[in-house]
Structure formats: structure tokens, C-alpha cells
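# Examination of the molecular architecture
Here is how the chains run, residue by residue.
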Amino acid sequence: MNEERQEWINKRAYSLWEQHGRQHGHDQENWEQATRERDELERIALPHHLKKTGSGEVDDATRKAINVTRNTSPTPPKKSKSTIGRGNVA
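Residues numbered from 1 in each chain as written. Predicted model: local features only at pLDDT ≥ 70, side-chain atom pairs only at ≥ 80, totals over all residues. Heavy atoms only, no water.

### Here we look at the overall build of the chain
Short version of the rule: Strands are runs of DSSP state E lasting at least 2 residues, helices are runs of H or I lasting at least 4, and numbering of each runs from the N terminus. The rule is simple: take the accessible area with a 1.4 Å probe, protein chains only, and divide by the maximum for that residue type; under 20% is buried, over 50% is exposed, in between is partly exposed. Any two residues whose heavy atoms approach within 4.5 Å at even a single point are treated as in contact. Per-residue and other accessible areas were derived by the Shrake-Rupley procedure at a 1.4 Å probe size, with only the shown protein chains allowed to occlude residues.
In terms of helices and strands, the chain carries three helices and zero strands. If you list the helices and strands of the chain from N to C, you get α-α-α. Scored against the burial criterion, the 90 residues of the chain give a buried share of 20%. In the chain, once contacts between residues fewer than 6 apart in sequence are set aside, the share between residues at least 24 apart is 47%. Carbon and sulfur atoms make up 52% of the accessible area of the chain, which totals about 7700 Å².

Structure, rendered in C-alpha cells:
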């Protein structure tokens, strides 16, 4: 496993641990989910010639995690205080 991939999985597994309330005893589950998410990311994000051959099967947890990231909409920019109220008198 290359270093970049390993680091990504480490950080994602740690993030999952934090999201689940830092519960001990679930490190293997968090690691496996992070690995599945990275596999799916590589499957959909890499150019065709760089993709690994494999079954392409994705479990529900991975599908859900990827859908969450796809459905996240950016927050609208906040108005600066200097432009609020200019020319708009109620």
C-alpha cells in the first residue's frame, strides 16, 4: 500500500472514530470502512487506465458515505457587514 493511500485511510478511520463518539473497540470496523471508502474513491475518481481490476462491489456503508459527500452542498457566502443595510431602508 502506498504512503498516500495509507495516510488517507488512517485519517479517515480516525475521523470515523471521532464521529462515533470516540468509542473504543471499533477500530477494525472504522479501518475497514475507511478502506472501503478509499477503494470506492479510487474506483470512481481515477482515470480508467489507473484503476485496479476488481469486483467493483461496494457495500451499503461505503455507498452511504460517498452519497453524503456527493450531496453536500456548499454554504452560501455571507454578506459582509459593510454591505448590509446600504441603500435598503425599511
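We are not done yet, so read on.
### Considering the pattern of salt bridges
To keep things clear, this is the line we draw: Salt bridges, as used here, are contacts in which a Lys or Arg side-chain nitrogen is within 4 Å of a carboxyl oxygen on Asp or Glu.
All chains considered together, the criterion is met by eight salt bridges. A salt bridge links Lys11 to Glu7; its shortest N-O distance comes to 2.9 Å. Separated by four residues within a single helix, Lys11 and Glu7 lie in helix H1 (residues 3–19), roughly one turn from each other. The exposure class of Lys11 is exposed, given its relative accessible area of 54%. Note that Glu37 is salt-bridged to Arg12, the shortest N-O span being 2.5 Å. Taken together, the positions of Glu37 in helix H2 (residues 27–45) and Arg12 in helix H1 put the pair 25 residues apart, joining distant regions of the chain.

### Examining the packing of aromatic side chains
Short version of the rule: A pair of aromatic rings is counted whenever rings of Phe, Tyr or Trp (Trp by its six-membered ring) have centres within 6.5 Å, and the orientation is called stacked for planes under 30 degrees apart, edge-to-face for over 60 and tilted otherwise.
Summed over all chains, the structure comprises one aromatic pair. Summarising the aromatic geometry, the rings of Tyr14 and Trp17 are spaced 5.3 Å apart at their centres and angled 50° between planes, so their arrangement reads as tilted. Taken together, the residues span about one helical turn, with Tyr14 and Trp17 both in helix H1 at a distance of three residues. When its relative accessible area of 44% is taken as the criterion, Tyr14 is described as partly exposed.

### A short note on unusual backbone geometry
A positive phi angle, close to 55°, is found at Arg22, a residue other than glycine. On the basis of relative accessible area, Arg22 is assigned to the partly exposed category, the value being 45%.

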